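# Structure assessment
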Amino acid sequence: MSQEDYPVDFVLDSIDSIMPPSKQPKVLLFDIGGVCVVSPFQAILDYELSLDIPPGWVNHCISRSAPHGFWHRLERGEMPMDSAWFSGFTSDLHNSSLWHSFYTTATQQDPSLPRAIPPLPTLDGELLFWEMMRQSRSPDPWMYPALKALKSSGKYILAALSNTVIFPPNHPYSNTSSPDDPRNYFDVFISSAHVGLRKPDPKIYELALKELDKFAREKRGRKDGVKAEEVLFLDDIGENLKAGKKSGFQTIKVNLGRAFEAVDQLEEVTGLKLAGDHPRIPVKPVLRKKVAKL
């Protein structure tokens, strides 16, 4: 493939992901899923392949149901995580018009797929959701040591800006007392489900900056507070990074299975030794044609 074959957005995102931030930040602002903890992408892929669904359907369905889909409503804290929500999420995964458009595009990318659009297999939204949550409990092996080193340095305000969900009070995942919980490392934590906003809504970036400025003034005694250009934002989703950049933040893209590249950039920015001893071997999605039932 020649350089001319790449879309302009892909080229620009690639350039942004390798160019170091231009200004020394006061704040390092982290996403959680896919940055500090591993992405649930493999769980989604395994589930799709177990049902002979072309990869990408679940993310396509969630993305295209914005802003009023059940996933988005949960991440804004508008609904409790109960049977009504799981039923609604499952219903969103069976949108026939989205399935037709998705499958048509998939056949253009994969000529081995049957040309006739098959019926959408039955998906269990609750089963899929919990498998995604289970997989994304594990700390990222590259970013997590860097986060601990940054906390020990005391050099920066550490903050999180994450699209989150609120687990039922009696569920084990609602327990944040574990020493390995990444939330323990942040001075400021902006949770979408608690503030009623989710990325990439510009308002959540405005809120984050306001809270960071308040923390800097009141807790760190910094009379000049924090300006947008003094925030370095790390995320794994392009549209979230673009929204952050529009808000004035510096950005670093954390690529799937290659967070060590983002750690390299953090070392360049901070001048600190942040990398742990985990092998620098990219983790690629595994296309398993036969998987055990989740």
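Right, let's walk through the structure included here. Starting afresh in each chain, residues are numbered from 1 along the sequence in its written order. Restriction of local features to residues with pLDDT of at least 70 applies here, the model being predicted, together with a cutoff of 80 or more for giving and counting side-chain atom pairs; totals for whole chains, interfaces and linings are based on all residues. Heavy atoms throughout the structure, all of them, feed into the side-chain values; hydrogens and water do not.

## Observations regarding the overall build of the protein
Along its length, the protein carries 12 helices and five strands. The C-alpha radius of gyration of the protein comes to 20 Å, within 12% of the 19 Å expected for a compact globule of 294 residues. With the C-alpha coordinates aligned to their principal axes, the bounding extent of the protein is approximately 65 × 50 × 35 Å. The contact rule is simple, with two residues in contact once any of their heavy atoms fall within 4.5 Å. Taking the intrachain contacts of the protein between residues at least 6 apart in sequence as the baseline, contacts between residues at least 24 apart amount to 72%. For the protein, the accessible surface area stands at approximately 15400 Å², while carbon and sulfur atoms represent 55% of it. Secondary structure is summarised from DSSP: a helix means a run of H or I of at least four residues, a strand means a run of E of at least two, and numbering begins at the N terminus for each. The globule rule is 2.2 Å times the number of residues to the power 0.38, and the radius of gyration it is compared with is taken over C-alpha atoms. In these tables, accessible area is a Shrake-Rupley quantity obtained with a 1.4 Å probe, and a residue counts as shielded only by the protein chains included in the view.

## Points about the packing of helix α2 (residues 41-50) against helix α3 (residues 57-64)
Put simply, α2 and α3 touch, their axes get as near as 9 Å, and they point 110° apart. By the angle class used here, α2 and α3 are roughly perpendicular. Mapping the contact onto sequence places Phe 41, Ile 44 and Glu 48 in α2 and Trp 57, Val 58 and Asn 59 in α3. Along the lines of polarity and charge, the residues of the contact of α2 with α3 split into four nonpolar, one polar and one charged. Only the stretch in contact is used when a helix axis is fitted, and all axes are lines through C-alpha atoms; the angle between N-to-C directions ranges over 0 to 180 degrees. Roughly parallel here means an angle under 35 degrees, roughly antiparallel means over 145, roughly perpendicular means 65 to 115, and every remaining angle is called oblique. Classes in brief: Ala, Val, Leu, Ile, Met, Phe, Trp, Tyr, Cys and Pro nonpolar; Asp, Glu, Lys and Arg charged; the others, Gly included, polar.

## Some words on the pattern of salt bridges
Salt bridge criterion: a side-chain nitrogen from Lys or Arg within 4 Å of a carboxyl oxygen from Asp or Glu. Following the criterion strictly, the structure yields 13 salt bridges and no others. One salt bridge connects Asp 213 with Arg 217, and the closest N-O pair in it is separated by 2.8 Å. Taken as a pair, Asp 213 and Arg 217 lie in helix α10 (residues 202-218) at a separation of four residues, close to a single helical turn. The partner of Arg 280 in a salt bridge is Asp 264, and the shortest N-O contact between them spans 2.8 Å.

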